[in-house]
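Residue-level listing of the chains:
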Amino acid sequence: MKKKPNLALVGATGLVGTTMLKVLEERDFPFENLYLMASAKSAGKTVTFKGENYIVEELTEHSFDKPIDIALFSAGGATSEKYAPIAASKGVTVVDNSSAWRMDPKVPLVVPEVNPQDIQWNQGIIANPNCSTIQAVLPLKPLHDKYKIKRVIYSTYQAVSGSGAKGIEDLKQGLAGNDIMKAYSHPIAGNCLPHIDSFLENGYTKEEMKMVNETMKILGDDSIRITATTVRVPIFDCHSESINVELEKPFELEEVKELLASFPGCVVLDDPANNVYPLARQAAGKDEVFVGRIRRDFSVENGLNLWVVADNIRKGAATNAVQIAELLIK
Ligand code: A2P
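Each chain carries its own residue numbering, running from 1 in the written order of its sequence. With the structure being a predicted model, the display of local features is reserved for residues of pLDDT at least 70 and the display and counting of side-chain atom pairs for 80 or more, all residues being used for whole-chain, interface and lining totals. Hydrogens and water are ignored here; the side-chain numbers use all heavy atoms of the structure.

Examining the overall build of the chain
Runs of H or I in DSSP of at least four residues are treated as helices and runs of E of at least two as strands, each being numbered from the N terminus. Check the secondary structure of the chain and you find eight helices and 14 strands. Computed over C-alpha atoms, the radius of gyration of the chain comes to 20 Å, within 12% of the 20 Å expected from 2.2 N^0.38 for 330 residues, which places it in the range of a compact globule. Overall, the chain is about 60 × 50 × 40 Å in size when its C-alpha atoms are taken along their principal axes. Throughout this description, buried means an accessible area under 20% of the type-specific maximum (1.4 Å probe, protein chains only), exposed means over 50%, and partly exposed covers the range between. Here the chain holds 330 residues, and the buried ones make up 52% of them. In what follows, residue pairs with any heavy atoms lying within 4.5 Å of each other are defined as contacts. Considering only intrachain contacts with a sequence separation of at least 6, the fraction spanning at least 24 residues in the chain is 67%. Computed with the Shrake-Rupley method and a 1.4 Å probe, the accessible areas treat only the protein chains shown as cover for residues. With the model as given, the accessible surface of the chain reaches about 14,400 Å², and the carbon-plus-sulfur share is 50%. His is not counted, nor are the chain ends, whereas Lys and Arg count as positive and Asp and Glu as negative. The location of each charge is read from NZ of Lys, CZ of Arg, CG of Asp or CD of Glu. A distance of 1 Å separates the average location of the 36 positive side-chain charges in the chain from that of its 42 negative side-chain charges. C-alpha atoms define the radius of gyration in this analysis, and the globule rule sets the expected value at 2.2 Å times the number of residues to the power 0.38.

Digging into the site of the ligand
The environment of the ligand is made up of 13 residues, and the closest members are T13, G14, L15, S39 and S42. Counting of polar contacts relies on pairs of N or O atoms within 3.5 Å, with two restrictions inside protein: one atom must be capable of donating a hydrogen and the other of accepting it, and residues adjacent in sequence are counted only when both atoms are side-chain atoms. Here an oxygen atom of the ligand and a backbone polar atom of L15 are 2.9 Å apart. S42 is positioned with one of its side-chain polar atoms (N or O) 2.4 Å from an oxygen atom of the ligand. If the ligand stood free it would expose 570 Å²; the protein chains cover 67% of that surface. The residue makeup of the shell around the ligand, split by class, is five nonpolar, seven polar and one charged. A single heavy atom is enough: if one lies within 4 Å of a molecule or strand, its residue is considered near that molecule or strand. Lys, Arg, Asp and Glu make up the charged group, whereas Ala, Val, Leu, Ile, Met, Phe, Trp, Tyr, Cys and Pro make up the nonpolar group; the residues left over, Gly among them, are polar.

Describing the domain arrangement of the chain
Accessible area lost upon the coming together of the parts serves often as the stated size of an interface. Boundary definitions for the domains trace back to an automatic or database domain assignment. As far as domains go, the chain holds domain 1 (7-128 + 317-329) and domain 2 (132-312). For domain 1 and domain 2, the distance between their C-alpha centroids amounts to 25 Å. Contact with domain 1, which involves 16 residues of that partner, is made by 19 residues of domain 2. Around 1,400 Å² of area is buried between domain 1 and domain 2 when both sides are counted, 67% of it from carbon and sulfur atoms. Of all residues in domain 1, L15, E113 and V114 give up the largest surface area on contact with domain 2, accounting jointly for 37% of the area buried on that side. Think of a salt bridge as a Lys or Arg side-chain nitrogen and an Asp or Glu carboxyl oxygen that are within 4 Å of each other. At the surface where domain 1 touches domain 2, the tally comes to one salt bridge. Between E214 and R102 there is a salt bridge; the shortest N-O distance is 3.1 Å. Across the domain 1-domain 2 interface, the total number found is six residue pairs in polar contact (both at pLDDT 80 or more). Ranked by residue count, the leading element in the side of domain 1 that touches domain 2 is helix α8 (residues 314-329), at three residues. When two parts are brought into contact, each loses some accessible area as probed by a 1.4 Å sphere; the total of that loss over both is the buried area.

Here's the deal with the layout of surface pockets
Of the volumes computed, that of the largest pocket is approximately 1,100 Å³. In this analysis, the protein atoms alone were mapped onto a 1 Å grid. Cavities are point sets where a 1.4 Å probe fits without being able to get out; pockets are open sets with protein on both sides within 12 Å along at least five of seven lines; lining residues have an atom within 4 Å of a point. If you trace the largest pocket, you find 40 residues lining it, with S161, G162, S163, G164 and R232 closest to the centre. For the lining of the largest pocket, the elements supplying multiple residues, two or more each, are α1 (15-26), α4 (164-175), α5 (206-219) and α8. Shared between two domains, the lining of the largest pocket holds at least three residues of each, these being domain 1 (7-128 + 317-329) and domain 2 (132-312). Grid points are joined across faces, edges and corners, and a volume is the space filled by probe spheres set on the points.

Comments concerning the packing of aromatic side chains
Aromatic pairing here means that ring centres of Phe, Tyr or Trp (its six-membered ring) are within 6.5 Å. Orientation follows from the plane angle: under 30 degrees is stacked, over 60 is edge-to-face, and everything else is tilted. Taken as a whole and judged by the stated rule, the model has five aromatic pairs. Ring plane angle 65° and centroid distance 6.1 Å describe the contact between Y147 and F251, whose orientation is recorded as edge-to-face. Taken together, the residues Y147 in helix α3 (residues 131-147) and F251 in the loop between β11 (239-247) and α6 (253-261) connect sequence positions 104 residues apart. Accessibility expressed as a relative area gives 4% for F251, which makes it buried. Ring-pair connections join several aromatic residues into one group, and the members of that group are F31, F49 and Y54. The criterion is that NZ of a Lys, or CZ of an Arg, lies within 6 Å of the ring centre and within 35 degrees of the ring normal, and then a charge sits over that ring. The lysine or arginine in question, K66, covers the ring of Y35, its NZ or CZ lying 5.2 Å from the ring centre. In this structure, R296 is placed above the aromatic ring of F251, and the distance from its NZ or CZ to the ring centre is 4.2 Å.

Next up, the structure:
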């Protein structure tokens, strides 16, 4: 891969797409040419990036006839399903933020701090995991390596920004007293909705099963037993997660705290005596995953409880995708 690739951004006008542009600029990502793509609706719009004006193009089957090296996709599952293989067939390496390709055995699912080696076997598409999964596997990786994880119970408290502009609108309007429901089946203001993505026949939601299946794939171990309950809460930014872990080997709490604090991308905020623990408002706009309330679960042998908070649009989507692109050109 070239050190200064030709870069395309598909879904450049969306919530994640615009954050990707911000992250590319902040991290000074090197590129030769940049192409911004979206639906026909946005074609012709001007977007300013690093002081230059770019015209948004409509995504078509011919968009990748140009010499593009890397394409960051964040335009929904249907768009990725159709256009990622077209791009890959023309030699583009796609970093796809949708759920369309994540569980395909030919597609690596990558969190750069956890399984960077997996990008090596990509065949043109690399998947960016679900936002809730990304922030969970960062603290789980060093625990799995040192103590081997037997079982995980996820309970999530997820922000409306995960539903895009419609979710944000539902909460804004709801807080102003108008119970609109563009993104959800019920009003989100004043509610906790135990319903993220659609329901499956097994009684779980797709979001819950994404957390289960993606965690096993990223950690490369399908023997870990995992269950999840994912909940949408009236918060604009950042997902918070209670993660209960059962480990095979005994551990010392101090050792766990040191292990998590020294893992790249993880920050331990854990001083209950001074009311210090990870909070959504403090994690917003940051790229790190914050871990606190680190304590023993006395109800099982080698049990551990964690409270994990991260910005779902940044580390949970845009930043992780840009980090994958950085790995590609390294
Ligand atoms: P557009 O703004 O032209 O609709 P969000 O998740 O915030 O709703 O953003 C979705 C992104 O995906 C937007 O940039 C949107 O472009 C883009 N998008 C949606 N559908 C398509 C499509 N069929 N082809 C190309 N881009 C699409």
